[in-house]
Amino acid sequence: MKDIINMIKPTYFLLLIAVLFSFSVFAQPTHVFTDAERKFKDAKELFIKQQYALAYPLLEVVKKEYPDEQKSNNVYLHDDVNYYYIVCRLKLGLPIAEEEAKHYIEWINNQPRLELMSYHLGKFYFVKNDFTNAIKYYEQASLDNLSNEEIADAKFEMGYCYFNLKRFKDAKPLFNEIHQLPENKYYIPANYYYGFISYYDRSYADALKSFKLVEMKDEYKSVVPYYIAEIYYFQNKKEESLRYGESTLSRGGLYYDKEMKQLLGQMYFERKNYAKALPLLEYYVKNTKKVSKEDLYELSYCYYEAKQLNKAIEGFKQLSNEQDSLGQNSMYLLGDCYLRTNQKANARTAFQYCANNSSNKKQQEISLFNYAKLSYDLGYPDVALNEMRNFLNNYPNSIYTNEAKEILVGLLANTNNFNDALTLYESFSKPTAAMQIVYPRILYGRAIEYFNDQQIIQADELFSKILKLPASSITPYANFWKGEIAYRIPDYDAAIRYLSFYLQSGAVAQGEATPATAKYDLGYCWMKKENYRQSLANFEAIAKSATTATPVEQDAYVRSADNYFMVKDFSKASSMYDIVISKGLTQSDYALFQKAMIAGIKSASGKIAGLNSLIRLYPQSSLVPDATMEVANTYMADEKFTEAISYLNKVLTYNSAGGLKPKAYLKLGLSYYNLNNNEQALANYQQLIQQYPQSVEVDEALDNLKGIYVESGKPNEYVELMRKNGKNISATEADGITYSAAELKYNGNDCAGAIAGFTNYLSQFPVGASVLEASFFRSECYSKNKDWSNALIGYNYVSNKGINKYFERAALAASRIYYFELKDYPNAKKAFELLRSGAVNQDNQLEAARGLVRCDYQLKEYDQANEVAKDLLKGKGISTDDKSVAFLVLGKSQQKSNDCNGAIASFKSCAAINKSAWGAEARYEIANCLFSLGNYTAAEKAAQVVIKETSSYDYWLTSSYILLGDIFMQQKDFFNAKATYQSVAQNSTLPELKTTAQQKLDKAMAAEKASSKVN
């Protein structure tokens, strides 16, 4: 209505102003005026005749004869002259007259003159279309001093001003008076405006009467017919409206041509005559910048009926924000259009919108089912599971129930979302036969996820469940992983049993569960049990020495050589080590070390030469400290103490020597002692006690020190040394008894009693002889009880005492508690660093590197993790998980440096070998990198991979959905972008991502609104 009113312009009140003659025209009048009053009288006569251009010069002359300074001589005449003079100037449109009139009104004491001047000033503003000021002065004027004609004019003009100011209530009574005066010059326009206001007030009978009166007038015949047709429609005279509208439309020239077509189109639509409605509605929508949702829906439906599906899609799609029945029906029909045009992805989105609208319950039911089914077909297993479950809960008696259950069976069989699949399966009180068939696969998939996430206890429980079910194709692989877990615990007997079951089944390889891996693990199990013949049989079955062989095959070859070494077939072992060295395989340094040990059986010099070759050829090898120590040991065995000393000092310079350093100090003391250099012997023993007071070597050093001090006649110095270093010369009887009582409880698996006993011991003997043992074993009990905070007290005490017999076990235990149980990654990192600095056992060194990489990953310290990851990748026997996190960290570091192409390659390497959380993150980051590179098509495909393959990991799954929404936004596909964000905003359980999705949804809706046809 506002737009219609704004179109109305005052075209009927153009004031024809006569040409203003110059004063010179009257300079030579045909009649000579003899007095001022006569001139004033003539001017008034001309004024009354509305001959303002002629009256004005006379009034100018008169005004000069009655100057303002003589006003007091004849006030009345002076005011009269000024009145006519100013009004003439107003009538002639002279700009200065506006201020003169205002001044006159402000100062005049003559009320009639004030009101008349207000009237003329109002008319002055009216002519200029300044309706606000016109009304101001019209309202100050009184109609009592006006002629009947002027009164009628004033009423119309005031009404017109009110009309333009949208003050219809004020305008209507004024137009009402005029439209009843057929002789009035404003009779026709008054009827038009009165009709319009009546139309606005929904007084359709009055409006129609006025409009019919003016409909054929030239000024209104292009405008009024639309209102008349619409009034007939509102009066439910739709036949008459249709006939009238078509007749006036056919003659052309309508100002509201497109609006008339809209009205006719709507009436044809109501009659379900979509063929006739379509061109009319189409014309209206195409030629209107913004239209109502009803107009767009009706046009789209006409396209739908005409099978112009692409055009119907374009229209319906713009109604996705509507939450009423029209919006729901639009989405329902849109879904059908997309299905008919084989656009399943878009159909899924349309049914999602429809399912979120409850206006039509039946459409909502069908749409929810279609949304779930299409999610299943298109590879959105998480959505399909949730929505199909919602469907069954909400519509248990639906005609689609059986099909929904069958789809769930398919989901359970094929999804990688094993966590939800298992939860869903267990929610059914009576699983169907088809579901029971896939149950082992679900258990297996979830168990593998637990295993990959290092939750091996939970994984073991699920593998055990599988083995309790009737045998299936999954059973052999459950045996394999039971064996793998038993090997890691370690429980070598159980590992041998389960891995043997797997091999006996003859099952083909599946992922990491392969016969080669089983034999490899069996080889290590038998080796740990010192059954070298059995170990050799398994390793030799998979061993290869080719440079193209896998790391496992090469390692199996070296372990076969080790087994020959252990059964004393040194010739065979030596020849195999030679092959490893000659081909430059990964473990060439280790082979050279073993060759030196074999040489040492016959010749100490040969052993030393071999070890020196290793030190020279492989200076970065982790075996260099061991080789150096072994050379020293060999020299000491031959009592060549001077030669041994130089090698022992080298050991102390190696950062990676770790637990070898206490041994080096001890042997240095022994060597110097045997060389009768007691001063140097004492110095090294003292260094050992000061730096590694809890190491096992200290006890031997103390005995040697005692001998040196006694031999030197300095027993008091020995006692003082012990005191300074907190060492008791001997444990008291009470100390031993108290500790033994607690130890007895521990050995009897009575953890509650042991904790009480060790606590009692530590409180009585805080520096007792067995403080280290008591602290460690008490923490072992706390750990069994999952009392992590108390367990850490003892573990940290023991590991912080430096190298000792419990150091590695304590540091490893503390590291794992911080990392796995408490998620305290900064402290876990410190604990792993401590373990790495002092571990001698290679398995523990590897475990420390693993832990450090994972801590740096959790702390987002990717650069630091990169360095440790490189060391980890050099480790022997590293797992697939180790490689996965190393590639992931590398990718993160490259991504941080804006090397997206390099990052993608690293992430792909991780994703290719990992199905757990790291793989999920890597897959997401591939999509994220592609998005940042502007490759939206590839990014969309990569995000779909995350959704399909790693849907158990909610954070990366949800992030991938948000990324899909971002891709749609970049493509200006607001329809799918909104649906994607909305799904996350409604369903996500992750607050951070839920908020992000809602913010993005708001932006998508605003962007769509700006580009939409809908007003």
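Residues numbered from 1 in each chain as written. Predicted model: local features only at pLDDT ≥ 70, side-chain atom pairs only at ≥ 80, totals over all residues. Heavy atoms only, no water.

Trainee: Which parts of the structure should I look at to understand the overall build of the protein?
Mentor: A count of helices and strands for the protein gives 54 helices and zero strands. By the compact-globule yardstick of 31 Å for 1015 residues, the protein is too spread out, its C-alpha radius of gyration being 50 Å. Reported as C-alpha extents along the three principal axes, the dimensions of the protein are approximately 160 × 75 × 60 Å. Counting all 1015 residues of the protein, 53% fall into the buried class. (Helix = DSSP H or I, 4+ residues; strand = E, 2+ residues; numbered from the N terminus. Rg over C-alpha atoms; globule rule 2.2 N^0.38 Å. Buried < 20%, exposed > 50% of the residue type's maximum accessible area, 1.4 Å probe, protein only.)

Trainee: Help me understand the pattern of salt bridges in this model?
Mentor: Opposite charge on two side chains permits pairing when their charged atoms draw close. In this structure the tally under the stated criterion is 47 salt bridges. Taking the shortest distance from any N to any O, the salt bridge between aspartate 257 and lysine 261 comes out at 3.3 Å. Of this pair, aspartate 257 and lysine 261 both sit in helix 14 (residues 257–270), four residues apart, which is roughly one turn of that helix. Classification of lysine 261 as buried rests on a relative accessible area of 17%. (Salt bridge = Lys/Arg side-chain N within 4 Å of Asp/Glu carboxyl O.)

Trainee: Would you explain the packing of helix 50 (residues 917–932) against helix 51 (residues 936–949) in this entry?
Mentor: If you want to describe how two helices pack, look at the angle between their axes and the distance between the axes. Remark: helix 50 packs on helix 51, axes separated minimally by 7 Å, with the N-to-C direction vectors making an angle of 165 degrees. Relative to helix 51, helix 50 is oriented roughly antiparallel. By crossing handedness, the relation of helix 50 to helix 51 is classed as left-handed. For the pair formed by helix 50 and helix 51, the contact residues are Ala920, Arg923, Tyr924, Ile926, Ala927, Leu930 and Phe931 on the first element and Tyr936, Ala938, Ala939, Ala942, Ala943, Val945, Val946 and Glu949 on the second. Across the contact of helix 50 with helix 51, the residue classes tally to 13 nonpolar, no polar and two charged. (Axes fitted to C-alpha atoms, helices over the stretch in contact; angles between N-to-C directions. Parallel < 35°, antiparallel > 145°, perpendicular 65-115°, else oblique. Left-handed = near helix turned anticlockwise from the far one by under 90°. Contact = heavy atoms within 4.5 Å. Nonpolar A, V, L, I, M, F, W, Y, C, P; charged D, E, K, R; others polar.)

Trainee: Even after reading the chapter, I still don't get unusual backbone geometry, so can you show me in this structure?
Mentor: In most cases, non-glycine residues show a negative phi, while peptide bonds are predominantly trans. Residue isoleucine 489 is joined to proline 490 through a cis peptide bond whose omega torsion reads 0 degrees. Looking at the secondary structure, you find proline 490 in the loop between helix 26 (475–488) and helix 27 (492–505). Phi at asparagine 676 takes a positive value of approximately 65 degrees, unusual for a residue other than glycine. Here asparagine 676 shows up in the loop between helix 36 (660–674) and helix 37 (678–691). The backbone phi angle of asparagine 749 is positive, close to 60 degrees, even though this residue is not glycine.

Trainee: What is the right way to look at the confidence of the model for the protein in this model?
Mentor: Note that predicted coordinates carrying low pLDDT should not be read in detail. Of the residues in the protein, 92% have a pLDDT of 70 or more, and the chain-wide mean is 87. Of the regions scoring below 50 in pLDDT, residues 1–34 engages in 48 contacts with residues more than four places distant in sequence or in other chains. (pLDDT = per-residue confidence, 0-100.)

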